[in-house]
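# Examining the three-dimensional arrangement
Here are the chains, one letter per residue:
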Amino acid sequence: MEGLVTKTDRLAPRPAVSLSSRTQPPGGGAVGGERRRVPAAKRPVLSAPRRPARLRRAAEFLLEKILFLHGMAAILLIALIFVFLFREALQALHRIPLDLWWGGTDTDWDGKAVFVQRWQPNGDVPKYSLVPLVLGSLLVAVPAVVIAGLIGLATGIYLAEIASRRVRDLIKPIIELLAGIPTIVIGFFCLVTLATLLQGIFHTRSRLNAVVGAVGVSFVIIPVIASLVDDTLRAVPGYLREASYAMGATRWETISRVVVPAGVSGVTAALILGMGRALGETMIVLLATGNASQVTFNPFESVRTMTATIAAELGSVPQGGDWYASLFLVGAVLFTITFALNLVAEIVVSRMRRKLAL
Amino acid sequence: MKISSVARTAFAAASAAILALAPAAALAGSITVKGSDTMVVLAQRWAEEYMKKNPSVTIQVTGGGSGTGIAALLNGTTDFANSSRPMKPEEKVQIQAAKKQLFEVPVALDALSVVVHKDNPVSVLTLTQVGKIYSGYINNWKQVGGPDAPIVRYSRESSSGTYSFVKDEVLKGRDYASDCQTMSGTSEIAEVVARDKNGIGYGGVAYFAKAPGVKIVSIKKTDSAPAISPLGPNGLPDYQVVYSHSYGLFRPLYVYAAGQPEGEKKTYLDWILGPDGQKIVEQVEYIPLPKK
Amino acid sequence: MSSAVRRRLDRLATVLLGLVAFSILGIVLGILGDIFLKGRRTVTWEFLTQIPLDGMTRGGVFPAIFGTVCIVVLMIMMALPLGVLAAIYMVEYAGQGRIARVIRAAVNNLAGVPSIVFGLFGLGFFVLFVGRNLDRVTGRDLLFGQPAMLWAAATLAVLVLPVVIVSTAEALMAVPRSLREAAFALGATRWQVVRGVVLPQAWSGILTGAILSVSRGAGETAPILFTGCAYYLPRLPVVRLTVPLLGIQVPMVNPLDQFMELSYHIFIMATQSHNTMLTRPIQYGTTLVLVGLTFTLNLVAILARRRLSRRVVKA
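Residues numbered from 1 in each chain as written. Chains lettered and ligands numbered in written order. Predicted model: local features only at pLDDT ≥ 70, side-chain atom pairs only at ≥ 80, totals over all residues. Heavy atoms only, no water.

### Comments concerning the overall build of chain A
Per the secondary structure count, chain A includes 14 helices and four strands. In chain A, buried positions account for 57% of the 358 residues. When contacts within chain A are restricted to residue pairs at least 6 apart in sequence, long-range pairs at least 24 apart make up 71% of them. Accessible surface, chain A as shown: approximately 15,100 Å² in total, 65% of it carbon and sulfur. (Helix = DSSP H or I, 4+ residues; strand = E, 2+ residues; numbered from the N terminus. Buried < 20%, exposed > 50% of the residue type's maximum accessible area, 1.4 Å probe, protein only. Contact = heavy atoms within 4.5 Å. Areas by Shrake-Rupley, 256 points an atom, 1.4 Å probe, with all protein chains shown as cover.)

Here's what the structure looks like:
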């Protein structure tokens with residue numbers, strides 16, 4: 001997911017999303033003062049119906065079924081993505097020997113065989129090692145989450161606990177603005193301006209490397225983490241803060257020792273979701289990391305991520321071949337990792353919701 | 001509410017109409033060209049000039065690498081595939097399986113160039129040295145007569161015909177080194193090598209002949225052969241070293257089609273092979289086909 | 001620790017946190033400023049209305065702008081009805097049960113899918129599965145089964161569907177319960193309540209969500225890389241259809257055509273144009289146009305949300 005921070009991200013930690021509590025008007029007033037839920041279509045009609053009641057009920061029933069089908073759309077789409085991804089991916093597992101996914105052999109200039117871990121599917125002896133790709137994705141995502149986590153956490157705390165209404169109204173739109181910048185623009189900025197800047201500071205061997213990519217990706221994740229942390233901390237009940245102040249704590253002590261620990265699940269979820277976003281980022285890493293499929297733990301080296309591999313190669317494979325299937329396998333691995341991260345984040349959030357609802 | 005339901009029905013009707021009528025309007029007079037990044041600058045110029053003279057024809061050009069073009073040809077989604085490498089046997093088999101006859105014609109020649117930063121003292125390399133550099137067995141410039149500095153390798157993506165050509169002809173089938181940075185296009189290689197004192201790159205000569213900041217290296221086919229540069233004294237490609245095959249990295253640039261081209265496509269291809277098309281090859285700084 | 005130290009720590013923390021928060025302003029200004037400063041000279045009226053010329057080193061990006069507009073319109077035509085109806089079901093009909101939770105989980109997960117996976121899905125499902133099967137059913141030889149605007153738009157529609165669903169859901173949930181109850185008390189059926197009471201109130205929020213998803217769709221590149229974009233296609237994806245009975249020719253967008261697109265154009269120009277240093281001004285110009293487009297859309301959405309939310313009835 002790239003670009004705008006949508007309210008989707010806030011769908012996760014919003015406490016107790018239930019119809020009855022969310023549609024409560026602010027003042028709490030209601031017609032007649034009663035809050036009974038009224039049953040629907042079975043009620044007798046007071047005014048003369050334009051159509052026989054049976055027809056109306058049939059139409060209602062049909063309508064509800066149509067709406068139900070639309071509601072299933074999201075589930076259906078996720079299932080379809082799952083099926084079509086894994087169908088091709090399984091082909092890859094079938095056709096390519098399993099040990100090749102770890103590493104293969106190359107012949108050196110003296111004729112000896114050498115064990116290598118490379119992703120080079122194009123050639124007489126194709127290499128399908130996933131190791132450099134997964135490592136590459138992590139080498140970009142982890143520093144990105146560290147940078148964005150620090151900035152996002154600080155910003156979220158500032159917005160929720162310290163900023164006045166006016167400052168908040170200034171900073172929130174700016175965060176949304178950052179979230180709205182298309183990732184190709186950020187990638188372009190990294191390729192042309194940021195890489196040169198960082199090269200001047202760090203004097204790395206490769207001008208395009210994982211760190212450049214990580215900084216670019218962090219720009220995309222900062223809004224995600226900041227707004228989630230902000231929502232989380234605002235949901236922490238007020239009496240905790242009041243109790244802390246009553247005992248003489250300063251504001252910072254209240255924040256650091258009471259509020260943030262209370263919201264730690266939300267903060268963790270924010271970081272996990274940010275990690276998922278970082279792993280899924282494509283255009284920035286395609287332009288900024290140099291795309292060298294090497295096994296390295298040095299973030300100042302050029303790396304090749306899973307996403308960039310798919311983006312760079314899918315357009316040029318004949319359909320149905322081994323290379324084509326292997327790209328779907330990379331996609332399936334990526335999908336599984338981000339799916340798992342989302343799941344973990346949701347579990348963390350639902351546990352927090354239950355804790356705070358007390 | 002009545003207005004919105006009318007609007008909604010009209011909307012739905014319009015969309016249905018678009019989708020229903022669209023297939024009936026076939027894309028008449030349109031030629032699709034996909035493939036080689038080496039040739040995309042040429043293909044785009046050809047398309048531009050030809051469309052100026054023949055406004056009724058539309059030519060659509062997409063790059064992405066020779067592999068992209070050939071894959072599109074095999075998938076049936078392009079009319080012409082530009083390729084800077086010859087088609088592999090397994091690819092030819094797939095065309096035959098589709099009951100089409102493979103049509104192959106060289107449309108220009110290229111002197112594949114190896115470039116280094118303009119301040120790099122190394123000006124001559126043997127083919128073996130280039131091969132060992134790119135497969136990771138020579139890692140420092142001092143091993144080839146330069147300063148004591150690590151070699152930073154820049155390569156093309158594996159979809160590139162140039163990538164395949166170098167892998168087959170120079171690396172003799174071996175893999176590229178793991179730390180080869182892969183760029184999406186040859187012009188990106190020109191740009192990064194110009195910014196990197198220790199960089200080395202390769203690509204079609206048209207991208208490097210007048211590029212500031214890079215220097216084209218002369219190639220020795222063997223240790224005892226003379227060092228030949230693809231450029232002549234005027235800084236433009238030297239046609240003679242290519243025609244006489246004395247430059248070690250010459251290669252034809254191909255256009256492939258599935259089946260014999262007919263009608264407009266044939267006219268376009270004939271125009272490319274004719275004097276107008278070949279003049280554009282000269283202007284773009286590739287090497288035109290030798291005149292019979 | 002003495003209270004003076006604690007107070008100083010408090011003030012230090014406040015200052016540091018504020019600095020970090022405002023650094024985001026610096027980041028935004030840095031990126032947008034760089035693009036604006038380097039691109040503003042390129043963006044002229046000619047740039048917005050011409051086709052690329054001279055080997056893409058001169059001219060403009062009109063076909064890319066047109067293509068972008070076409071594809072987002074097609075995308076929102078697909079995503080909006082589906083998303084709104086799905087959200088209506090989720091909020092008004094599904095209640096609290098298991099189904100509702102599964103739907104919400106699916107929407108969340110759809111939102112978290114990486115955009116390149118959508119690109120894989122678009123190629124594997126829309127182009128190859130749906131397209132090729134449509135070709136078989138209609139007896140055509142490779143008409144639907146190749147990259148086209150229709151499939152690129154469908155892929156983008158799947159990507160923005162969570163945005164539409166969530167904005168619509170929030171807009172629906174913001175309508176006060178008392179309004180619904182009043183309508184039920186008068187004997188309305190659930191659909192009558194939704195259509196006559198809830199939707200009119202929620203419409204502004206839905207529209208805001210639509211604008212935001214259009215902005216999202218215009219900025220995405222990965223999903224459309226293999227489903228329909230072209231490097232140099234100066235002809236617009238338009239056909240002239242002869243209307244039967246009337247005999248006149250009507251220009252109509254051809255969704256089975258390929259097209260140029262702004263974000264794809266930036267990518268291609270930055271990596272695969274003939275001379276990336278020479279075309280750098282055009283790259284910056286195109287980037288500025290795209291940023292301007294998405295920025296304007298987001299601004300319109302934010303302002304609309306703020307203004308229209310004041311008009312919503314609060315019982």
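Back to the text.
### Regarding the overall build of chain C
Regarding its fold elements, chain C presents 10 helices and four strands. Secondary structure elements of chain C occur, N-terminal to C-terminal, as α-α-β-β-α-α-α-α-α-α-β-β-α-α. Considering only C-alpha atoms, chain C reaches an extent of 70 × 65 × 35 Å along its principal axes. Summarising the internal contacts of chain C: among those between residues at least 6 apart in sequence, 73% fall at separations of at least 24. By element, 67% of the accessible surface of chain C is carried by carbon and sulfur atoms, the whole surface being about 12,100 Å². Side chains of chain C give 28 positive and 12 negative charges; the mean places of these two sets differ by 11 Å. (Lys, Arg positive; Asp, Glu negative; His and termini not counted. Charge placed at Lys NZ, Arg CZ, Asp CG, Glu CD.)

### Examining the interface of chain B and chain C
The interface is formed by 40 residues belonging to chain B together with 41 residues belonging to chain C. Summed over both sides, the interface of chain B with chain C buries roughly 3,300 Å², with 61% coming from carbon and sulfur. Residue B:Glu191 pairs with C:Arg280 through a salt bridge whose shortest N-O separation is 3.2 Å. At the junction of chain B and chain C, the tally comes to two residue pairs in polar contact (both at pLDDT 80 or more). Elements supplying a minimum of two residues to the side of chain B that touches chain C: α1 (2-21), β1 (30-35), α2 (37-53), β2 (58-64), α7 (186-195) and α8 (205-208) of chain B. (Buried area = accessible area lost by both parts, 1.4 Å probe. Salt bridge = Lys/Arg side-chain N within 4 Å of Asp/Glu carboxyl O. Polar contact = N/O pair within 3.5 Å; in protein donor to acceptor, adjacent residues only side chain to side chain.)

### Digging into the confidence of the model for chain C
All names here are of chain C. Across chain C, pLDDT averages 87, with 98% of residues at or above 70. Across chain C, helix α6 (residues 149-173) holds the top mean pLDDT of 93, while strand β3 (residues 238-242) sits lowest at 76. Prediction confidence for the complex, expressed as pTM and ipTM, is 0.86 and 0.88 respectively. (pLDDT = per-residue confidence, 0-100.)

### Details of the sheet that holds strand β12 (residues 227-228) of chain B
Residue and element names in this part refer to chain B. One open sheet accounts for three strands, arranged β6-β11-β12; its pairing is mixed. Strand pairing shows two members of the sheet lacking a second neighbour, β6 (124-126) and β12, which therefore form its edges. Across the sheet, helix α5 (residues 127-134) lies against β6 and β11 (218-220), angled at about 85 degrees from β6, the strand it touches most. (Pairing = 2+ DSSP bridges. Axes fitted to C-alpha atoms, helices over the stretch in contact; angles between N-to-C directions.)

### Some words on the interface of chain C and chain A
Contacts between chain C and chain A engage 104 residues on the former and 102 residues on the latter. Area buried by chain C at its contact with chain A is led by C:Leu120, C:Met173 and C:Arg177, which between them contribute 8% of it. A:Glu253 is the partner of C:Arg6 in a salt bridge, and the nearest nitrogen-oxygen pair spans 2.7 Å. At the junction of chain C and chain A, the tally comes to six residue pairs in polar contact (both at pLDDT 80 or more). Among the elements that make up the side of chain C that touches chain A, the one with the highest residue count is helix α1 (residues 3-39) of chain C (22 residues). Partitioned by chemical class, the residues of the side of chain C that touches chain A number 64 nonpolar, 22 polar and 18 charged. (Nonpolar A, V, L, I, M, F, W, Y, C, P; charged D, E, K, R; others polar.)

### A word on the sheet that holds β2(B)
All names here are of chain B. Pairing in this open sheet of five strands is mixed, and the strands run β2-β1-β3-β13-β4 from one edge to the other. Only two strands of the sheet have a single neighbouring strand rather than two, namely β2 and β4 (102-111). Geometrically, the sheet is characterised by an average inter-axis angle of 20 degrees between neighbouring strands, direction not taken into account. Note: β1 against β2, six bridges, orientation parallel. Residue Lys-34 lies in a different strand from β2, and its bridge partner there is Thr-62. Along the sheet, α2 contacts β1, β2, β3 (80-83), β4 and β13 (250-258); its crossing angle with β2, the most-contacted strand, is approximately 170 degrees.

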